[in-house]
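# A closer look at the structure
Letter by letter, the chains look like this.
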Amino acid sequence: MIAYLTNLATLATIFGILAASLNLLIGYAGIFSIAHAVFFGLGAYAGAQLAMLLVPDLLLACLAGGLVAGALSLCLALPALRVRGEYFVAASLGLQMMAVTVFSEAHAVTGGHGGLVGIPLASLLGFDISAPATFLMVCLVVLALMLLVIRLLMRGSFGRGLMAIRDSESAAEAFGKNVARLKTLAVVLGCAMAGVAGVLFAFYMAFVNVESFTLEQSILVMAMVIIGGTATLIGPLVGVLLLLLLPAGLSFLPFIPPTEIGSVQQLIYGLAMALLMIFRPAGLAGQSTGQR
Amino acid sequence: MLQRRIFLLATAAGLAAPGILRAQGSPYVVGTLFPMSGPNAEYGMLFTNAVQLAFEHIKADGMLKRPIDLRAQDSLATPQGGAVGMQKLASVDGAPYVMLGFTGVSKAAAPIGTRSKVMMVNGGGVGPDLAGLSPYFWNVIPLVNQEVKALLPWLQQKSLKRVALIYVDDPLGNSVLEQLRKGLPGVGGELVDTYSVPPAAQQFAAVAAKVRSANPDAVYFASYGAQQSQIIKQLRDNGIRQQLLTYSAGSIPSVLSLPESEGLVYTSQAADWSSAQDPVTQRFVKDWRAKYNSDPSIYHQNYYNAMRLFGLLAQELEKAGTPVNGENLLQTLLKVRQFTFVGGEGTFQDNGTLELPMQINQIHDGRAQKIA
Amino acid sequence: MLFLQLLLSGIQTGAIYALTAAGFALIFGATRIFHVAHGATFALAGYAFLACSQAGLPWFVGCLAALLIAVGFGLAMDAFIYRPIQRHEGSFFTVFVAAFGMTIAVQSLIEIGFGRGFAVVDTPLTMARAVVPGLYLADIFWVATGVALVLFILVTLFLERTRAGIGLRALSENPELLRAYGLSSRRLSALAFGLGSALAVPGAVLTAATSGLQPAISAQVMLISLAAAVVGGIGSLRGAALAGLLLGVVENLVISAVDTQWSSAAGFVVLFAFILFRPSGLFGQAVTR
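Residues numbered from 1 in each chain as written. Chains lettered and ligands numbered in written order. Predicted model: local features only at pLDDT ≥ 70, side-chain atom pairs only at ≥ 80, totals over all residues.

## Re unusual backbone geometry
Residues and elements named next belong to chain B. The condition that has to hold: Secondary structure is summarised from DSSP: a helix means a run of H or I of at least four residues, a strand means a run of E of at least two, and numbering begins at the N terminus for each. Backbone-placed C-beta atoms define the burial measure: a residue is buried with 20 or more other C-beta atoms within 10 Å of its own, exposed with 12 or fewer, and partly exposed in between.
One non-glycine residue with positive phi stands out, namely Lys 117, at about 55°. With respect to the helices and strands, the residue Lys 117 is situated in the loop between α5 (103–115) and β4 (119–122). Classification of Lys 117 by C-beta neighbours within 10 Å gives partly exposed; the count is 17. Residues other than glycine seldom take positive phi values, yet Asn 215 does so here, at roughly 50°. Along the chain, Asn 215 falls in the loop between α8 (205–214) and β8 (218–222).

## Quick notes on the interface of chain A and chain C
How we decide: By the criterion used throughout, residues are in contact when their C-beta atoms, derived from the backbone, lie within 7 Å. Polar here means any residue outside two lists: the nonpolar Ala, Val, Leu, Ile, Met, Phe, Trp, Tyr, Cys and Pro, and the charged Asp, Glu, Lys and Arg; Gly therefore counts as polar.
Taken together, the 37 residues of chain A in the interface contact 39 residues of chain C. When contributions to the side of chain A that touches chain C are tallied by element, the ones reaching two or more residues are α4 (74–82), α5 (85–105), α11 (215–228) and α13 (261–279) of chain A. A total of 13 residues in the side of chain A that touches chain C trace back to one element, the largest contributor, which is α5 of chain A. Per-class residue counts for the side of chain A that touches chain C are 24 nonpolar, eight polar and five charged.

## So, the confidence of the model for chain C
Which entries qualify depends on this criterion: Per residue, pLDDT measures the predictor's confidence, with a range of 0 to 100.
The predicted model of chain C averages 85 in pLDDT, with 93% of residues at 70 or higher. Confidence metrics for the complex model read pTM 0.81 and ipTM 0.81.

## Quick look at helix α2 (residues 36–53) of chain A
Our working definition: Multiply 1.5 Å by the residue count of a helix minus one, and that product is the helix's expected span.
The terminal C-alpha atoms of α2 of chain A lie 26 Å apart, and with 18 residues this matches the ideal 26 Å at 1.5 Å per residue to within 8%. For α2 of chain A, the buried fraction is high: 16 of the 18 residues fall into the buried class.

## What to know about helix α4 (residues 79–91) of chain B
Here α4 of chain B spans 18 Å end to end across 13 residues, near enough to the 18 Å set by a 1.5 Å rise per residue. For α4 of chain B, the buried fraction is high: 13 of the 13 residues fall into the buried class.

## Comments concerning the packing of helix α3 (residues 58–72) of chain A against helix α10 (residues 179–205) of chain A
All names here are of chain A. Rules: Axis angles are defined between N-to-C directions and span 0 to 180 degrees, where every axis is a line fitted to C-alpha atoms and, for a helix, only to the segment in contact. For this classification, under 35 degrees means roughly parallel, over 145 means roughly antiparallel, 65 to 115 means roughly perpendicular, and everything else is oblique. For any helix crossing, the convention is left-handed if the near helix is rotated counterclockwise from the far helix by under a right angle, and right-handed if that rotation is clockwise.
Orientation of α3 relative to α10, taken along the N-to-C sense of each, is 140°, at an axis distance of 7 Å. Judged on the interaxial angle alone, α10 and α3 are oblique. In this structure, α3 meets α10 at a crossing whose hand is right-handed. Of α10, the residues touching α3 (which contributes Leu 58, Ala 61, Cys 62, Gly 65, Gly 66, Val 68, Ala 69 and Gly 70) are Val 188, Cys 191, Ala 192, Ala 194, Gly 195, Val 196, Gly 198, Val 199 and Phe 203. For the contact of α3 with α10, a count of residues per class yields 12 nonpolar, five polar and no charged.

## Describing the pairing of strand β7 (residues 190–197) of chain B
All names here are of chain B. Note the following rule: The rule for pairing is simple: two strands pair if DSSP sees at least two bridges between them. Seen with the strands pointing away from the viewer, any crossover whose path from the first strand over the helix to the second strand runs clockwise is right-handed.
Pairing geometry for strand β6 (residues 162–168) and β7, over seven bridges, is parallel. In the strand pairing of β7, Leu 165 is matched with Thr 194. As for the winding sense of the linkage, the β-α-β connection from β6 through helix α7 (residues 171–183) to β7 is right-handed.

## Digging into the sheet that holds strand β9 (residues 243–246) of chain B
Residues and elements named next belong to chain B. A sheet is described by the order of its strands in space; here seven strands give the open sequence β7-β6-β8-β9-β10-β14-β15, paired in mixed fashion. Strands with a single pairing partner mark the edges of an open sheet, and in this sheet they are β7 and β15 (367–370). Ignoring strand direction, the axes of neighbouring strands in this sheet form an average angle of 30°. Alignment of β6 against β8, held across five bridges, turns out to be parallel. Directly across from Leu 165, in β8, lies its bridge partner Tyr 220. Strands in contact with helix α6 (residues 144–157) are β8, β9, β10 (265–269) and β14 (358–364); relative to β14, the strand with the most contacts, it is inclined by about 70°. Docked against the sheet, helix α9 (residues 226–237) engages β6, β8 and β9, running at close to 160° with respect to β8.

Right under this line is the structure:
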């Protein structure tokens, strides 16, 4: 039981980082990306390759994963600078679909659908950190660091600039904000953080393949942020806990026939998304609606 | 009385971890990790039905002293679903024995199961990299390279020389590609063209047009699940009249019942229901027909065998008075090696696969017939 | 010859895409709602048709049932999901998430009701014959393109000639003005949802007969409609239909040049390129934000 809880907690922490990084885009910068799993995947592949080819050092791998995801996030920044709203959603969708094809075709780097097997156990500065409890602690520390960075940044001029753009791009421009630079920075930062989450994910699962980085995953993360509450520090974490624990909790219910469990999970998950948007659109942890 | 003795033995041996201790007084927990939702859920249903039948037989025979408690987890047919589900089966349910399927799921679940010393048995995934995945990972299904090899002589005999291949670009598809590329020249054939498709692709009219312009003697497709029916139907609809070939994934009901599947040839492990002599096979076929009013497929056979394997292993352990946990199940399997299964005697190889005789089937009027 | 064959099968796929995308564009154009549950409408209509034909009912009964289900679902989405959301806030992303949730819910309901396998309605219409040597066409090609063309003309006429149609077109631009002319914006938006959802029906029925249905089809249809609507210029019916056709053709033609693997991604490459270089789409007005 302990092992199971540790497992859930580790996954929840990793998804917490992922959701917090997406919140930076959706919540603070108003960039509604549904391609976040792409950067999660880029980080995972980069971290896994580094660990398999050079050293399984978590710090180095996180750096590599963050760098790769951050650098390639310019693919997302480009449309973000040109279009907004529905157009950007569609652009990120296009990016997501192309990336999945690339992931499954670039056998040399990603292993295709077969994925990368045999990712070595993680170490940190020479210490073995692969024990489940230790790894959970490391993930929690990373999450805390990320949240701290987001909090500091959002309190500063960068954050205020971003939120000004989110609320009215033209007004922000009129006040002399460099819209292009701020937006690009937000995208790079958010995607680099997603890359770090990907590295942790790769080490934790010891196996990655393209199926973890599909549109469904992007949608799941997006739902976590939205359901939890955008533009709050705690919101994405609430969303993660809810959406990860919902299926886990459901499978404890004895009266659902085991063969229908999957469909029932999906049904509740879908209905919950719709109902929440009707009755609490700011998310569970969000402030009351109406102002914004 | 007897139960208490086993309990005492276990504690005396100092082996009993908390999970095992709890298991002593309660039923044996056996896990299944199949896709129960999503596009591959049809397989989950197939696998579960087969496990159920074996479960009923074990119960009816009084094979084990204690009841079995089946716990199902949805693998979603994805690695992540596999990892999470396996973790839950291993540590919450405390299952010492888990049946699973699908190559990606198996590869993600194997390290977790190995860590928790859970015996894992695959009867559905045929990716070649499932051989030797972990000492705790066993296949009760011949892997796909064996299947392609079995088909080659038949192709030569029917003088189907020019073969085109449509394959899903994953380890399974790539293995078929490699086997055909290597094997066809040896039987006087050639691989004239290959088309790799994504696992979620649904439109094959364009592929059909390309196949037609390559003009092969036969078309092999290596896919699984719902996509197979779409490939077959769209090839036929678009005027491909050539012989269609595939491997054991083609034996699912949705393919069999598709009118366009008429004449499709697929390989599978030997499963000749009509002339089976041994009582295990006869009973399986009889009860299956009575329960589901149709012939069992090889997946039914494999997962019946997988569940039966647990019964046989646990029976041995009960006889010896040792606790039923993953480690002991594995030791027993390594010791016994050969088991009486549906379809005949099966012997486990060192790389974790089961060597079984193969056969070639053709679909005729919605039923599979053995042709070689 | 291969090129011509691919072009023709592209047109057949594209005709189905075009109708579905036109429905999506009609709804978006009139109500500014990004109706991603349009894919669910499509799946429901397809399965309704399937259920009727499995029950042995004649095909037009099946079509009627599909039409009723589709329109009913579209109207219900408008009345019970979108309207309540728009009443309090209605950020487009909230709408998007809610609609997406409903798509997932519908998909799992179909799974529970119809099983998770592949299902197809058998008809001799899909069997291709050689028209000229080497060029194969099935009767369904003529059905698909014919139905698409006729319906498209009818909808265009409706939008341009009737009072309600003109009201629909004006709805997104100036709801207040409409009220002044005595048209109810509520009723018009219901009309948009009804009509838009109805446009998904022929595609669903044809797909049930050609490439077949599976519960996950709603996601795929949603992606195509969305992509076509954007490439065509959001809100432009003509654009969406043309872009749908284009996506179908590209998906098929592209494999004469590159690996078949890229077929389904090709449409999204087109989408991404359009957003980068011509965000207003084929027929859209310039992006105003």
